[in-house]
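# Reading the structure
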Amino acid sequence: MDYLRLMSFGPDGWGYSLLAATGVTVAVAVCGFLVGAMLGCLGAAASFSRFRALRSAADIYTTLLRGIPDLLVIYLFYFGSSSLISSVGALFGAEGFVGAPAFLTGALAIGVVSGAYQMQVFRGAVLALPKGEIEAGRAYGMPPLLLFRRIVLPQAARFAIPGVGNVWQLVLKESALISVIGLVELMRQAQIGAGSTRQPFSFYLTAGVLYLLIAFVSGRGFKLAEQRAMRGIRRAV
Amino acid sequence: MPFDLPFLAESFVALLKGIPLTLQLTVLSVVAGGILAFALAFMRISGKWWLDVPAQFYIFVFRGTPLLVQIYIIYYGLSQFPVLRHSFLWPFLREAYWCAVLALAFNTAAYSAEIIRGGLLSVPAGQVEAARACGMSGLLLFRRIVMPLALRQMLPGYSNEIILMVKSTALASTITLLEITGIAAKLISESYRPVEVFVCAGAIYLAINFLVARLFAWLEYTVSPETRKPEERRA
Amino acid sequence: MPDATTTPAVALSGIRKSYGPLEVLHGVSLEAREGEVISILGSSGSGKSTLLRCINMLEVPNGGSVSIHGEAIALDQTPGRAPRPRDNAQVNRLRARAAMVFQSFNLWSHLTILENLIEAPVHVQKRNRKDCLAEAEALLERVGIADKRNSYPAHLSGGQQQRAAIARALTMRPSVMLFDEPTSALDPELVGEVLKVMRDLAAEGRTMLIVTHEMAFAREVSTRTVFLHQGRIEEEGHSSEMFSNPRSERFKQFISRENA
């Protein structure tokens, strides 16, 4: 069959390049996700802060980034850092446009966007904590940091797993947008294949199936993690 | 990099021209997707596996793949089939506009179907039973009791979905459409001034989404007077 | 029109109901004549609520027949399949005549009390909205919650909600009223106000079938009492006689336990 030969791992097949591109997709998505987790943690912490300035900053961050298209943010990061690099380059006598590294800017862009969503997840998880348990910690004389480390964090982490899983799926799908700034991940590789063989449907369909596969497998992973975390709760009781 | 006010104003005016297309894509796909979503939600709760399983599969596929893949499959992918190229559908499928609407509608249908299903399942069984005991059934029961109760549960989730759709229309720029993001990309590549263009385009999207959120908050407020205190209601 | 004195308001004969392999009603027959108030008693799991719900087809019996004012409900009881009514329009019509009051009130939370009352008369019975409104206002007056007409159910106490639910049943102008443990979900201090309304209805000569745990009410208000045990009628008779002279051992135990 034509399709199978096209996607094969033989000399004229696209199997290897698609597989490698899938690896790039996973890598850039994981990086973006981790950047987002850090930003989300910081944002959530800021939103519970005593200082009004920090609370408003966190609020503005999550509102802005959840209201603006991801694609626009990716453009900003790519062209913004490129023009910065270009102007720095001009100082040293380089000429014309110098592109920023697509992997780095792409991962940062989706990281900043997903951070806004993860912040909401973390906030929700902290708010879902039973008030009584925190009070009990206080009643036994736990100082704030100890209380956070021993009581709040372990429980909030459990509550956050489903929401974090959703954000991961979001990041994975968002990573396809990085293809517009030239990173050869799965989507871009499919585009290249579609262009050179004139079989766009076969390539985009394959890309879709691969995305679905990653989403399915990682979704299973999050489910498992959730089950283990919840079993922990019951055991503790 | 100093902020160039005249350029900022110029970009802003240029970007404003993209608003009608962004809104059109949103409204058309939300309406078409909403109808499809209702059909999918009913298939999911029909209790018949041969309706439930296909709907589940549809939702799994469209929620599990990037919207960009869906847009490319429809816009670029379908041309691989000569049968389609010679069919009566081709005048539509050749147009980036209709392909974008189609992809966005298919996409939002998958997400909305779950929101609608959740709303329908949240209707208290006792209130449905009371309606049956009064002799209501079928469309009357759905229109007068089930739908008004389900709507209250659905609105917050649906409001989020529509904001996501406004943002998703940005992807139409990847298949040549000049909506807000399309114009922004063009301006950036002409001027190399991403920050100013981003600020303008971002502000427009935020304004649209703010209005959508307000509209839904107002809708939620008007359809659920029972959650308010009597004094507030009279005011 | 069938003669009211000879045709029972509700006639159940040989009602059987099962859920999967479990049969909860093993052939129950019961007649309620016009103006009778029948209390249906039994411990939980005796099938008393199921029996009541078989009258308006909220549960469709697997065997036996139901007639309301002589009109038999056409049922498809093919063995091996879920039983179902043959004619849904007939069921809807008869349901409007046999109004039900639920344990958990089940007022529609998106409608005001007044809107709750006129919903079915206007949309099911297609009666004039204005007339229904006037009637509903009068009924709210009667059950003592006229001031709540524009409130939503969530803002009423349980007792007020149940009185509103009774008024909702009355706006259907039912010929039979079915009460499914109407006071079981209420705080003890709110039970009295609901029972008072029901007492008044009984005094009016309405036909009522009441599944209840209120022994005093059953004894004093209902004309007849039916005691169900494990899906069968264990004992039935005139209420006053049955309570002062229980024949079966089980009913004796039941009253002593409930009164304890």
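Note that this is a predicted model, so its numbers are computed, not measured. (Residues numbered from 1 in each chain as written. Chains lettered and ligands numbered in written order. Predicted model: local features only at pLDDT ≥ 70, side-chain atom pairs only at ≥ 80, totals over all residues. Heavy atoms only, no water.)

Further remarks concern the overall build of chain B. A tally of helices and strands in chain B yields 12 helices and zero strands. Starting at the N terminus, the α and β elements of chain B follow one another as α-α-α-α-α-α-α-α-α-α-α-α. Projected onto its principal axes, the C-alpha positions of chain B cover 70 × 60 × 25 Å. Sorting the 235 residues of chain B into buried and exposed places 51% on the buried side. (Helix = DSSP H or I, 4+ residues; strand = E, 2+ residues; numbered from the N terminus. Buried < 20%, exposed > 50% of the residue type's maximum accessible area, 1.4 Å probe, protein only.)

What follows deals with the environment of Ala215(A). With respect to the helices and strands, Ala215(A) occurs in helix H9 (residues 200–236). Residue Ala215(A) is classed as buried on the basis of its relative accessible area, which comes to 7%. Spatially, the C-alpha atom of Ala215(A) lies 8.8 Å from that of Trp168(A), the residues being 47 residues apart in sequence. If near-sequence neighbours (up to four positions away) are discounted, Ala215(A) is found in contact with Gln169(A), Leu172(A) and Gly64(B). (Contact = heavy atoms within 4.5 Å.)

Another aspect to go through is the interface of chain C and chain B. With 24 residues of chain C at the contact, the number on the chain B side is 23 residues. Contact between chain C and chain B buries roughly 2,100 Å² in total, counting both sides, with carbon and sulfur atoms accounting for 58%. Looking at the side of chain C facing chain B, the largest losses of area belong to Trp108(C), His110(C) and Tyr152(C), adding up to 28% of the total buried there. Inspection of the region where chain C meets chain B yields two salt bridges. Our count for the contact surface shared by chain C and chain B stands at nine residue pairs in polar contact (both at pLDDT 80 or more). (Buried area = accessible area lost by both parts, 1.4 Å probe. Salt bridge = Lys/Arg side-chain N within 4 Å of Asp/Glu carboxyl O. Polar contact = N/O pair within 3.5 Å; in protein donor to acceptor, adjacent residues only side chain to side chain.)

Summarising the element assignment, Arg152(B) is placed in helix H9 (residues 138–168). There is a polar contact of 2.5 Å between the side chain of Arg152(B) and the backbone oxygen of Pro148(B).

In this section: the sheet that holds strand E2 (residues 22–32) of chain C. Residues and elements named next belong to chain C. Spatial strand order, E2-E1-E4-E5: four strands in an open sheet with antiparallel pairing. The open sheet has two free edges, formed respectively by E2 and strand E5 (71–72), since each of these has just one partner strand. Two elements, strand E4 (residues 63–68) and E5, share two bridges in a ladder whose sense is antiparallel. Along E5, the bridge assignment pairs Ile68 with Glu71. Against the sheet, helix H1 (residues 48–55) makes contact with strand E1 (10–19), E2 and E4, and its axis sits at roughly 120 degrees relative to E1, the strand it touches most. (Pairing = 2+ DSSP bridges. Axes fitted to C-alpha atoms, helices over the stretch in contact; angles between N-to-C directions.)

Here we take up the confidence of the model for chain B. Scored by pLDDT, chain B has a mean of 90; 96% of the residues are at 70 or more. Mean pLDDT values over the elements of chain B span from 57, in helix H12 (residues 230–234) of chain B, up to 96, in helix H2 (residues 19–45) of chain B. (pLDDT = per-residue confidence, 0-100.)

Let us look at the confidence of the model for chain C. In low-pLDDT segments, the atomic positions of the prediction should not be examined closely. Summarising the model, chain C shows a mean pLDDT of 90, and 97% of its residues fall at 70 or more. Interface scoring of the predicted complex returns ipTM 0.88; its pTM is 0.82.

Moving on, we get to the UniProt feature "domain: ABC transporter" (unreviewed entry) in chain C. Look at the UniProt record and you will see "domain: ABC transporter" (unreviewed entry) annotated at residues 10–255 of chain C. Between the C-alpha atoms that bound residues 10–255 of chain C there is a distance of 27 Å. The span itself is 38% helix and 26% strand. (UniProt positions renumbered as here; feature names shortened; annotations may be inferred.)

All names here are of chain C. Taken in spatial order, the six strands make up an open sheet running E8-E9-E10-E3-E11-E12, and their pairing is mixed. What marks the edges here is a single partner per strand, and that holds for strand E8 (98–101) and strand E12 (232–238). Across the sheet, the mean angle from the axis of one strand to that of its neighbour is 15 degrees, orientation sign disregarded. Together, strand E3 (37–41), E8, strand E9 (176–180), strand E10 (207–211) and strand E11 (224–229) form the strand contacts of H1, whose direction differs from that of E9 by roughly 150 degrees.

A few words on the UniProt feature "transmembrane region" (unreviewed entry) in chain B. Residues and elements named next belong to chain B. Taken from the UniProt record, the annotation "transmembrane region" (unreviewed entry) applies to residues 20–43, 55–75, 162–185 and 197–219. Measuring from the first to the last C-alpha atom of residues 20–43 gives 34 Å, for a span that is 100% helix and 0% strand. Along residues 197–219 one finds 100% helix and 0% strand; the C-alpha atoms at either end are 33 Å apart.

Looking now at the UniProt feature "domain: ABC transmembrane type-1" (unreviewed entry) in chain B. As annotated in UniProt, the feature "domain: ABC transmembrane type-1" (unreviewed entry) corresponds to residues 19–217 of chain B in the numbering used here. Structurally, residues 19–217 of chain B is divided into 81% helix and 0% strand, and its ends, taken at the C-alpha atoms, are 22 Å apart.

This next bit is on the packing of aromatic side chains. All names here are of chain B. Per the stated rule, a full pass over the model turns up 21 aromatic pairs over all chains. An angle of 25 degrees between the planes, with centres 4.4 Å apart, marks the rings of Tyr58 and Phe62 as stacked. Of this pair, Tyr58 and Phe62 both sit in helix H3 (residues 49–64), four residues apart, which is roughly one turn of that helix. A relative accessible area of 16% places Tyr58 in the buried class. (Phe/Tyr/Trp six-rings, centres within 6.5 Å; stacked < 30°, edge-to-face > 60°.)

Another aspect to go through is the side chain of Ser248(C). Residue and element names in this part refer to chain C. You can see Ser248 is positioned in the loop between helix H8 (239–244) and helix H9 (249–259). Given a relative accessible area of 13%, Ser248 falls into the buried group. Within polar-contact distance, the side chain of Ser248 engages the backbone nitrogen of Phe251 at 3.2 Å. Dropping the residues within four chain positions of it, Ser248 is found in contact with Glu234 and Glu235.

What follows deals with a nonpolar patch on the surface. A surface patch of nonpolar side chains, about 510 Å² in accessible area, is lined by Leu213(A), Phe216(A), Val217(A), Phe57(B) and Phe60(B). For the nonpolar patch, the secondary-structure elements that each account for two or more residues are H9 of chain A together with H3 of chain B. No other element matches H9(A), which puts three residues into the nonpolar patch. (Patch = residues over 30% accessible without salt bridge, like charges linked within 9 Å, V, L, I, M, F, W, Y side chains within 5 Å. Areas by Shrake-Rupley, 256 points an atom, 1.4 Å probe, with all protein chains shown as cover.)

Below, the discussion takes up the interface of chain B and chain A. Across the boundary between the two partners, chain B contributes 38 residues, which contact 38 residues of chain A. Of the roughly 3,100 Å² buried where chain B meets chain A, counting both sides, 81% is carbon and sulfur surface. Interface area lost by chain B to chain A is led by Gln80(B), Lys167(B) and Phe198(B), which between them contribute 20%. With its nearest N and O atoms 4.0 Å apart, the salt bridge here joins Lys167(B) to Asp70(A). Counting residues per element, the ones that place at least two in the side of chain B that touches chain A are H3, helix H4 (67–75), H9, helix H10 (180–191) and helix H11 (194–223) of chain B. Partitioned by chemical class, the residues of the side of chain B that touches chain A number 26 nonpolar, 10 polar and two charged. (Nonpolar A, V, L, I, M, F, W, Y, C, P; charged D, E, K, R; others polar.)

Now for the packing of H2(B) against H3(B). All names here are of chain B. Between H2 and H3, the least distance of the axes is 7 Å, while the angle of their chain directions is 130 degrees. As far as their axial angle goes, H3 and H2 are oblique. Classified by chirality, the crossing of H3 by H2 is left-handed. Residues Leu36, Leu40, Met43 and Arg44 of H2 lie in contact with H3, whose contacting residues are Leu51, Asp52, Pro54, Ala55, Gln56, Tyr58 and Ile59. Looking at the contact of H2 with H3, its residues break down into eight nonpolar, one polar and two charged. (Parallel < 35°, antiparallel > 145°, perpendicular 65-115°, else oblique. Left-handed = near helix turned anticlockwise from the far one by under 90°.)

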